[in-house]
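Overview (structure and organization)
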Amino acid sequence: MSGGSDVVVVGAGPAGLAAACQAAESGARVLVMDDNAAAGGQVWRGEQGEWQERFARSGAALETGRAVIDERVRERGRTVVLATGARELFLPFPGWTLPGVVGAGGLQALIKSGYDVAGKRVVVAGSGPLLYAVAALAREKGASVMLVAEQAPGAAVAGFVRGLWRHPEKLAQGVGLAMALGGVEAVRGCWVEEAMGRGRVEGVKMRCGRRVWEESCDVLAAGFGLTPNTELAEMLGCHVRAGAVETGDWQQTSVEGVYAAGEVTGIGGVEKSVVEGEIAGLAAAGRRAEAERLFGRRAQWRRFGEELGRAFALREEVKRLARGETVLCRCEDVTVGQLRDRAGWREAKLRTRCGMGACQGRVCGAITRTLFGWGPSKPRPPLYPTRFEDLFSD
Amino acid sequence: MGRRITISVNGRAVETREGTSVAAALLNAGVARFRRSESGEAREPLCGMGICMECRVTIDGEAQVRSCQRLCEDGMEVETT
Ligand SMILES: Cc1cc2nc3c(=O)[nH]c(=O)nc-3n(C[C@H](O)[C@H](O)[C@H](O)COP(=O)(O)OP(=O)(O)OC[C@H]3O[C@@H](n4cnc5c(N)ncnc54)[C@H](O)[C@@H]3O)c2cc1C
Ligand code: FES
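First things first, this report covers the structure right here in the doc. Position numbers for residues count from 1 along each chain, tracking the sequence in the order it is written. Chain labels run from A onward and ligand labels from 1 onward, assigned in the order the entries are written. Thresholds applied to this predicted model are a pLDDT of at least 70 for local features of residues and 80 or more for the giving and counting of side-chain atom pairs; totals over whole chains, interfaces and linings are not thresholded and use all residues. The side-chain values count all of the structure's non-hydrogen atoms but skip hydrogen atoms and water molecules.

This brings us to the pairing of strand E2 (residues 12-17) of chain B. All names here are of chain B. A pair of strands counts as paired when DSSP detects no fewer than two bridges linking them. The helix count covers DSSP runs of H or I at least four residues long, the strand count covers runs of E at least two residues long, and both are numbered beginning at the N terminus. Note that strand E1 (residues 4-9) and E2 share six bridges and pair antiparallel. Counterpart to Ile5 in the pairing with E2 is Thr16. In this antiparallel pair of consecutive strands, E1 and E2, the connection spans two residues, and Asn10 shows a positive phi of 50 degrees.

Here we come to the sheet that holds E2 of chain B. Residue and element names in this part refer to chain B. If you walk across this open sheet you meet the five strands as E2-E1-E7-E5-E6, and the pairing is mixed. The sheet is open, and its two edges are formed by E2 and strand E6 (62-66), each paired on a single side. When strand polarity is set aside, the average angle formed by the axes of neighbouring strands in this sheet is 40 degrees. One ladder, built from two bridges, connects E1 with strand E7 (residues 77-79); its direction is parallel. Across the sheet, the residue bridging to Ser8 is Glu77, located in E7. Only heavy atoms matter for contacts: two residues are in contact if any of them lie within 4.5 Å across the pair. An axis is simply a line fitted to the C-alpha atoms; with a helix, the fit covers only the stretch in contact. Between two such axes, the angle follows the N-to-C directions and lies from 0 to 180 degrees. The sheet contacts of helix H1 (residues 22-29) involve E1, E2, strand E5 (56-59) and E7, and relative to E2 the element is tilted by about 120 degrees.

Before going further, it helps to spend a moment on helix H3 (residues 50-58) of chain A. Residues and elements named next belong to chain A. Any residue under 20% of the maximum accessible area for its type is buried, any over 50% is exposed, and the rest in between are partly exposed; the area is computed with a 1.4 Å probe on protein chains only. When we look at burial in H3, the residues that qualify are Trp51, Gln52, Phe55 and Ser58. With its buried residues spanning 120 degrees around the axis, H3 presents them on a single face. Turned more than 90 degrees from where H3 packs its buried face, Glu50, Ala56 and Arg57 sit exposed. Elements in contact with the buried residues of H3: helix H1 (14-25), strand E2 (30-34), helix H2 (41-44), strand E3 (61-64) and helix H9 (270-284). Gly59 sits one or two positions beyond H3 and adopts a positive phi of about 90 degrees. Think of it as the arc spanned by the lines of direction from the helix axis to the C-beta atoms.

Taken together, the contact pairs 30 residues of chain B with 31 residues of chain A. Summed over both sides, the interface of chain B with chain A buries roughly 2,300 Å², with 55% coming from carbon and sulfur. Here's the idea: put two parts together, see how much 1.4 Å probe accessible area each one loses, and the total over both is what we call buried area. Considering only the side of chain B, the residues that lose the most area to chain A are Leu46, Met49 and Ile51 of chain B, jointly responsible for 27% of the buried surface there. Any Lys or Arg side-chain nitrogen found within 4 Å of a carboxyl oxygen on Asp or Glu counts as a salt bridge. Summed over the shared surface of chain B and chain A, the result is three salt bridges.

Here we take up the pattern of salt bridges. Enumeration according to the criterion identifies 32 salt bridges over all chains in this entry. Close ionic contact of Arg351 of chain A with Glu347 of chain A constitutes a salt bridge, the shortest N to O distance being 3.9 Å. Of this pair, Arg351 of chain A and Glu347 of chain A both sit in helix H13 (residues 345-352), four residues apart, roughly one helical turn. Residue class for Arg351 of chain A comes out exposed when judged on its relative accessible area of 61%. When salt bridges with common partners are traced through the structure, they connect Arg330 and Asp333 of chain A together with Arg35, Glu41, Arg43 and Glu54 of chain B into a single cluster.

Quick look at the pairing of strand E13 (residues 219-224) of chain A now. Residues and elements named next belong to chain A. Of all six residues in E13, six are buried; the element is thus mostly enclosed. Neither face of E13 is exposed, since Val219, Ala221 and Gly223 on one face and Leu220, Ala222 and Phe224 on the opposite face are all buried. Bridge analysis of strand E6 (residues 101-102) against E13 gives two bridges, and the strand direction is parallel. Paired with Val101 across the strands is Leu220, a residue of E13. Here strand E7 (residues 121-127) pairs with E13 via six bridges, running parallel.

Turning our eyes to something else, we now look at the state of the cysteines. Throughout this description, disulfide means a covalent bond between two cysteine sulfur atoms. All names here are of chain A. We call a pair of cysteine sulfur atoms a disulfide whenever their separation is within 2.5 Å. Under the defined criterion, the tally for this structure stands at one disulfide over all chains. Covalently, Cys190 is tied to Cys208 through a disulfide, its sulfur atoms 1.6 Å apart. In this pair, Cys190 sits in strand E10 (residues 190-196) while Cys208 sits in strand E11 (residues 203-208), placing the two residues 18 residues apart along the sequence. When sorted by exposure, Cys190 lands in the same class as Cys208, which is buried. Left without a disulfide partner, Cys364 is nearest to the cysteine sulfur of Cys354, which lies 4.0 Å away. For Cys364, a relative accessible area of 2% puts it in the buried group.

A few words now on the nonpolar core. Residues belong to one nonpolar core when they are buried, are Ala, Val, Leu, Ile, Met, Phe, Trp, Tyr or Cys, and are joined through side-chain atoms within 4.5 Å. Within the largest apolar cluster, 50 residues are counted, with the highest numbers of intra-cluster contacts made by Phe93, Val204, Met206, Leu220 and Val363 of chain A. Not counting residues up to four positions away in its chain, the partners in contact with Leu220 of chain A are Phe93, Gly100, Val101, Val102, Val123, Ala125, Val192, Ala195, Val201 and Val204 of chain A. Of all hydrophobic cores here, the second largest spans 43 residues; its members include Tyr132, Val134 and Ala138 of chain A together with Val31 of chain B.

Here it is, written out as C-alpha cells:
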C-alpha cells in the first residue's frame, strides 16, 4: 500500500471493527488486517450485523487471510491498534491428548465448519460461559449432551447470575442459552479428572468434591476459559501484566503510537471489546472528547469482566490434574515431570524444547503461566511514555 | 453448507459438502488420526481455530497444513501421517 495508512488495526473482531469504524468515520485512512479468511472475530465471523454493515460503509480497507507476525506492521501506518482478541485456555489432565478430546471453543469452531455431531455423546467440561454456548450448539445439531461440568463452585456461579440484572444484555443471552440447553444436566463445582480410552476417548472420570464417577462419551470438549493473544503486543514491546496488555485511559499501550482494545487487554466479553475499540479508534483519530463520553460504558463492561473473572476463577485442583507423565507441550511431547522443576519459561525452552514447536508456545505458554506462574520471556519496558501524541491533534 | 463434493483421504473417496473445513470432513469420515506426535501418539484437532497445530495433514502434496483452517475443494487429496 503506497503512502501507508493513518491507522492500522490488527484483528477484525468486534474491537477491531469498532476501532476501524470510529477512526475511518473521523476521516482517517484505516487499514484492518486479520489472519482469518472472514472478518468478524470469534463471535461475529461470517455474520452480517450492525457493526459489519457500518464497517462496509466506513471506507476502511480490509486485508484478510494474513497473519501479522512482527513489528513491520508499524511501517504500514502511523498508529497501530492491536485488537487481536483471545484464545481458549487449555489445561493438561491425564488423557487430554487422546483423539476425541477437543477444546470447548474448539468443538464450537469445528461444528460451525461442518463437523457432524448428530448422535454423538458429548461431555462439556472446564470453565466459563462458553461451555453452555457449546453445549447448546451441540444439542441443536443432534448430539446427546451427557453433561456440562463447570469447575467453579455453584455459589460463585449463582452469585454471578444474580448480578446479571446489572447487565440486561447478558441476562437476555443467559436466558436464551438456558432455554436452548433444555434438560441437559449442568453441574457446578465439578471437573474432569481424566479422559480414558484405547486409541480414542471412550469416557471421562468426573469429580464433584468427594464424589467420583465415570461418564461414557464419544467427544469430550474441555476448555478452561479464555486467555488474551498478547504475542504481537509483546513483540512490539508493549507492557503485558497477568497475561493481558496494559492500557491507559485512551487504550494506549506502553509503546507510543500503539493502542490495544478488546479481549487482548483482559477478558470481558463482546460489549467490552466494542467500547474499548470505539475509544481506541476515536483517540487514534484525535477525538478525545468523544472518546471520553464512552468511559462510563467502558467502566460498566470492565466491571462485568471482573465479575466474570471472579466467578469463574480456576480452583487449585484443576491446576494439579496432570501427572508427571502427562504431556504438557503437545508439539514436542514434553511432560509435566520434565518441566515442573525448571526455573522458568526460558530455561524450559532451552532444556526441553517446550514452546519451541509448531504452535510457538501459544498452547503451552498459557499453560505454564497458569500452572507454574511463568511469565513471558521478552524483556519489558518499565513505564508508559509520559506524553502521548495523537495523530490528528494539532 | 454447499453442494456435494468429493475429496480423497489417504486414497479413499470421501463425500462432503462445499464450505466444510478439511478437519471437519476428516472427523466426519472417521479417520483414525490426523498426525503422529513426536513420541508417536495419534493426534486430532484441539483448538479448531488455527492455534494448536494438532490438525496438520498433507493437502495436495503440501505438508503440515492446518486442516481446520482450510476448506474442502472438489478433488482435493488429503493424507494423514
Ligand atoms: C474459541 C472462542 C469462542 C468464543 N465463543 C464465544 C461465544 O460463543 N459467544 C460470546 O459472546 N463470546 C465468545 N467468545 C468471546 C469472544 O472472543 C469475545 O466476546 C469477542 O469476540 C472479543 O472480540 P475481540 O475483537 O476482542 O477479539 P476476537 O473476536 O477474538 O477478534 C480478534 C481477531 O484478530 C485476529 N488476529 C489475532 N492475532 C492476529 C494476528 N497476529 N494477525 C492478524 N490477525 C490476528 C483473529 O483471527 C480474530 O479474527 C469466544 C472466544 C473464543 C476464543
Ligand atoms: S485444530 Fe488447532 S490448529 Fe487446527
